[in-house]
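Okay, here's what each chain looks like letter by letter:
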Amino acid sequence: MDYHAEFLNNYLFILCDKYLYIYDADGKLLDSRQHAYSNAVMQTNHGKALTYSFGGTHFRMDNQKKMLYENQTEQPILFAVLNDNGYTAVVTESEAYACRLSVFDANGKSVYHRDCVERLTDVSFTDGGCLFSTIGAENGELVTIVQSVRFDDSDVQWITEPLTTLCMHIYSLKNGGAFVIGDTKAAYYDNTGALINVFDYNGTLLDFDFSDEHAAVLLKNEERRQSVMLLFSDETAPPSSVTFENICKTVSIQDNTVYLLDNGRIRSYSFIGTELSVLRIQDVYDKVLKNGKFFYLLGYDRIQRVSVSGE
């Protein structure tokens, strides 16, 4: 797809190469806002959309009514993360270090920065601080290390032992711990950085999602032409597993339900792996969004709305 689409407060935000479009749930265009970002990336959270230029130095914040602010960094942006309260973590290149982590409040004011000797791969906000994952090498293998910091303290609160995987995403948990989705395994940590449990994948990572302490990981096995979905909801127990006799496309968690986009089908599951429904769809789509009583099917150059009930 040549665009990125997400729902915010019943409004559909679509980021294209030159514009940010905002539609209502019925497909009526409400606003179009031009941007000049090359390699534009959008992140959304709680009614706000963060757009930044990957490899550039500008980022901006929008809601459905207007652009709230625009800001600029000194060095090129590697990635950025938006939290529930409108705080933004921006990771940039650095002349003297591997990268720099900068945090901005909901008004775009700088509140924290940290120069890092290792490259960061992800950031997740906590109460009064954040977690970040770094990538390194040990005995010829890629390893991930997670660190916890507070914005009012220059010291690191805790740091994990190296985990032999490339962190794709890190999520802060309500108990102060962390959940890491790597390219080869997933792991739980407690609020001191101690490893609680680790689960190796039996397949190649295809897609994943996380919401409200639950995770869904979609794997593929090319030799067997199979997909496996792992559903995580308990740090002490193995994930539930569902196997499919074909290569599936995407997985997402919405409204406490797991949605799997298959070829010609949208399947829904509980977190224990029970299939709840199957909706057959026509044509090929790359992603599915759910908003209220409708699915929005994202294709290469179009979006189609269908009823969740299939009617």
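The shown structure was predicted, so the numbers you read here are calculated from the model rather than taken from an experiment. (Residues numbered from 1 in each chain as written. Predicted model: local features only at pLDDT ≥ 70, side-chain atom pairs only at ≥ 80, totals over all residues. Heavy atoms only, no water.)

(A) Representation of the overall build of the protein. Across its full length, the protein holds zero helices and 31 strands. For 311 residues, the compact-globule estimate of 2.2 N^0.38 gives 19 Å, and the C-alpha radius of gyration of the protein, at 20 Å, lies within 12% of that figure. Expressed along its principal axes, the backbone C-alpha trace of the protein runs to roughly 55 × 45 × 30 Å. Here the protein holds 311 residues, and 48% of them are scored as buried. By sequence separation, contacts in the protein at least 24 residues apart represent 32% of the contacts at least 6 residues apart. Working note: accessible area of the protein is about 15,200 Å², and carbon and sulfur atoms make up 44% of it. Counting 26 positive and 42 negative side-chain charges, the protein places the centres of these two groups 8 Å from one another. (Helix = DSSP H or I, 4+ residues; strand = E, 2+ residues; numbered from the N terminus. Rg over C-alpha atoms; globule rule 2.2 N^0.38 Å. Buried < 20%, exposed > 50% of the residue type's maximum accessible area, 1.4 Å probe, protein only. Contact = heavy atoms within 4.5 Å. Areas by Shrake-Rupley, 256 points an atom, 1.4 Å probe, with all protein chains shown as cover. Lys, Arg positive; Asp, Glu negative; His and termini not counted. Charge placed at Lys NZ, Arg CZ, Asp CG, Glu CD.)

(B) Highlighting the sheet that holds strand E17 (residues 167-172). Reading across the sheet, the four strands line up as E17-E18-E19-E20 and stay open at both edges, with antiparallel pairing between neighbours. Across the chains shown, the open sheet's two edge strands, defined by having one partner strand only, are E17 and strand E20 (195-200). This sheet shows a mean twist of 10° between the axes of neighbouring strands, independent of strand direction. Taken together, the five bridges between strand E19 (residues 185-189) and E20 define a ladder with antiparallel strand orientation. Bridge pairing in E20 links Lys 185 to Asp 200. (Pairing = 2+ DSSP bridges. Axes fitted to C-alpha atoms, helices over the stretch in contact; angles between N-to-C directions.)

(C) Structural view of the environment of Leu 30. Here Leu 30 is to be found in strand E4 (residues 29-34). Put simply, Leu 30 and Arg 265 are 235 residues apart on the chain and 31 Å apart in space, counted from C-alpha to C-alpha. If we skip the residues at most four places from it in the chain, Leu 30 touches Tyr 11, Ile 22, Tyr 23 and Asp 24.

(D) Structural view of the packing of aromatic side chains. By the definition in use, this model includes 14 aromatic pairs. Consider the rings of Tyr 112 and Phe 151, whose centres lie 5.0 Å apart with planes at 45°: the pair is tilted. In this pair, Tyr 112 sits in strand E12 (residues 110-116) while Phe 151 sits in the loop between strand E15 (141-150) and strand E16 (156-159), placing the two residues 39 residues apart along the sequence. With 6.0 Å between their ring centres and 80° between their planes, Phe 244 and Tyr 269 make a pair best called edge-to-face. Remark: Tyr 269 occurs in strand E27 (residues 265-269) and Phe 244 occurs in strand E24 (residues 240-244); sequence separation between them is 25 residues. Residue Phe 244 shares its accessibility class with Tyr 269, and that shared class is buried. Among the aromatic side chains, those forming a connected cluster through ring pairs are Tyr 171, Phe 179, Tyr 188, Phe 199, Phe 210 and Phe 232. (Phe/Tyr/Trp six-rings, centres within 6.5 Å; stacked < 30°, edge-to-face > 60°.)

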